[in-house]
Amino acid sequence: MAYLRSGLKYCVLAALAVYGWIRMRLTSRPTLIILTYHRILPDQHPDRHFEQPGMITAPEALRDHIRLMRSVGATPIHLNEWLSKRTRGEPLPKLSVALTFDDGWRDNYQYAFPILASENVPATVFLVTGLLDTHRVFWPEQVLRFVTARVIDESAPELRWLLPFLPAEYSPRAPLTLTQADEVINRLKALEDETILGYLSDTPQMETDEPVRYILNSAELEAMAHNDLVRFGAHTQNHFRLNRIGSALTLRNEIVGCLRDLGRLERSAVPIFCYPNGDITAAGEQLVKEHYEAACTTKTGWNPPGRDAFDLRRFNLHDGNSGSPRKLFATIGRGIL
Ligand SMILES: [Zn+2]
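Anyway, here's the lowdown on the structure attached to this text. Everything numeric in this text was worked out from a predicted model, so none of it was measured.

### A closer look at the nonpolar core
Most often, soluble globular proteins keep nonpolar side chains buried together rather than apart. Ile33, Leu79, Leu99 and Phe101 are the most contacted members of the largest nonpolar core, which has 85 residues in total. Those residues in contact with Ile33 that sit more than four places away from it in its chain are Met24, Met69, Leu95, Ser96, Val97, Ala98, Trp302, Phe315 and Ile332. With 21 residues, the next largest nonpolar core counts Phe146, Ile152, Ala156 and Leu200 among its residues.

### Re the pairing of strand S6 (residues 123-127)
Side-chain direction in a regular strand flips from residue to residue, so the side chains alternate between the two faces of the sheet. Among the five residues of S6, five are classified as buried, and the element is accordingly described as predominantly covered. Both faces of S6 are covered, namely the face carrying Ala123, Val125 and Leu127 and the face carrying Thr124 and Phe126. Where strand S5 (residues 95-103) meets S6, five bridges bridge the pair, whose relative direction is parallel. Bridge pairing links Asp102 to Phe126 in S6. In this fold, S5 hands off to helix H4 (residues 106-119), which returns the chain to S6; that crossover is right-handed. The sheet contact formed by S6 and strand S7 (residues 230-234) spans five bridges and is parallel. Its bridge partner lying in S7, Leu127 is registered against Ala234.

### Comments concerning empty space enclosed by the protein
Counted by the stated rule, this structure contains two cavities of 30 Å³ or more. Approximately 40 Å³ is the volume attributed to the largest cavity. In this structure, the largest cavity is lined by Leu35, His65, Ile66, Met69, Arg70, Ala74, Pro76, Val97 and Leu99. Those elements that place two or more of their residues in the lining of the largest cavity are helix H2 (59-71) and S5.

### Remarks on the packing of helix H9 (residues 248-262) against helix H10 (residues 282-291)
Direction vectors running N to C along H9 and H10 enclose 20°, while the axes themselves pass 10 Å from each other. Overall, the two elements H9 and H10 adopt an arrangement that is roughly parallel. You can see that H9 and H10 cross each other, and the crossing is right-handed. Listed contacts from H10 to Leu251, Arg252, Ile255, Val256 and Leu259 of H9 are Ala283, Gly284, Leu287, Val288 and His291. The class makeup of the residues in the contact of H9 with H10 is seven nonpolar, two polar and one charged.

The rules behind each value
- Residues numbered from 1 in each chain as written.
- Predicted model: local features only at pLDDT ≥ 70, side-chain atom pairs only at ≥ 80, totals over all residues.
- Heavy atoms only, no water.
- Core = buried A, V, L, I, M, F, W, Y, C linked by side-chain atoms within 4.5 Å.
- Buried < 20%, exposed > 50% of the residue type's maximum accessible area, 1.4 Å probe, protein only.
- Contact = heavy atoms within 4.5 Å.
- Helix = DSSP H or I, 4+ residues; strand = E, 2+ residues; numbered from the N terminus.
- Pairing = 2+ DSSP bridges.
- Right-handed = clockwise from strand over helix to strand, strands pointing away.
- 1 Å grid on protein atoms, 1.4 Å probe; cavity = no way out; pocket = protein on both sides within 12 Å on 5 of 7 lines; lining within 4 Å.
- Points joined across faces, edges and corners; volume = space filled by probe spheres on them.
- Axes fitted to C-alpha atoms, helices over the stretch in contact; angles between N-to-C directions.
- Parallel < 35°, antiparallel > 145°, perpendicular 65-115°, else oblique.
- Left-handed = near helix turned anticlockwise from the far one by under 90°.
- Nonpolar A, V, L, I, M, F, W, Y, C, P; charged D, E, K, R; others polar.

Structure (structure tokens):
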């Protein structure tokens, strides 16, 4: 039975891969494929032990993706360049590919940038401007790091807030598995980001012993922007999900304040917003439309020439869905079915 199931899965993946490959080869109108990455981490990197698998791509896979996209005739292009050429009615390649990286991870500089440079491929990194040049990191990583490394002391008053979010089958004598920790993160998403950050600041156990820097700093931004290879878009000031913000002022700071922060990057800044977690609200969308020229969503798909600039579709890639040519093309094929 298991053989049958895995055989069937193989056939479905193969069919989707062929479909994706053919659609890309035969596209007749100027179409844009946006690929999305988060963390680029080599196989043995220690951060892999406490990161959500859906966030990680190996450097070799990134290089393969670039070469595979070129092999189907896709032309790498800066995202904002594709959009402005389209607005001006200038000719565009039949198939373009724009690379985007969300959150501004330091590993983008360490492991992705050398590949972008050697392959001469432009990219846009969506920055969380409040975290640049700091040792702060997003709350999911703080929680993941803690619950996968330590046994949770249920009697500790400062950890009481976390207990309702632990999985039912968790053993109080062992750290959580990565799958269980992933479940905790998903459950915590019911709360406002600011609420979770408040809990974390009252939980000294979750401080890391050695301050590790996870997010890009100014020197790295400058190096990446050299030769105009990397440009930077907006991903809020604190990565607050827009549908979990109670205050109108906080919402404005996250959207408009982030664009103001980007201003210091001068020519390498692009007025494109990227919704954290893909969460969109009417008030947030209105602010984005007033202050930006385009916005990336987490909706899957490619962008035909008529796609609304504020509803750009992307393919979120990670080792699990694009670790081989067949998986990459199947992921694209499924997204454009
Ligand atoms: Zn993000």
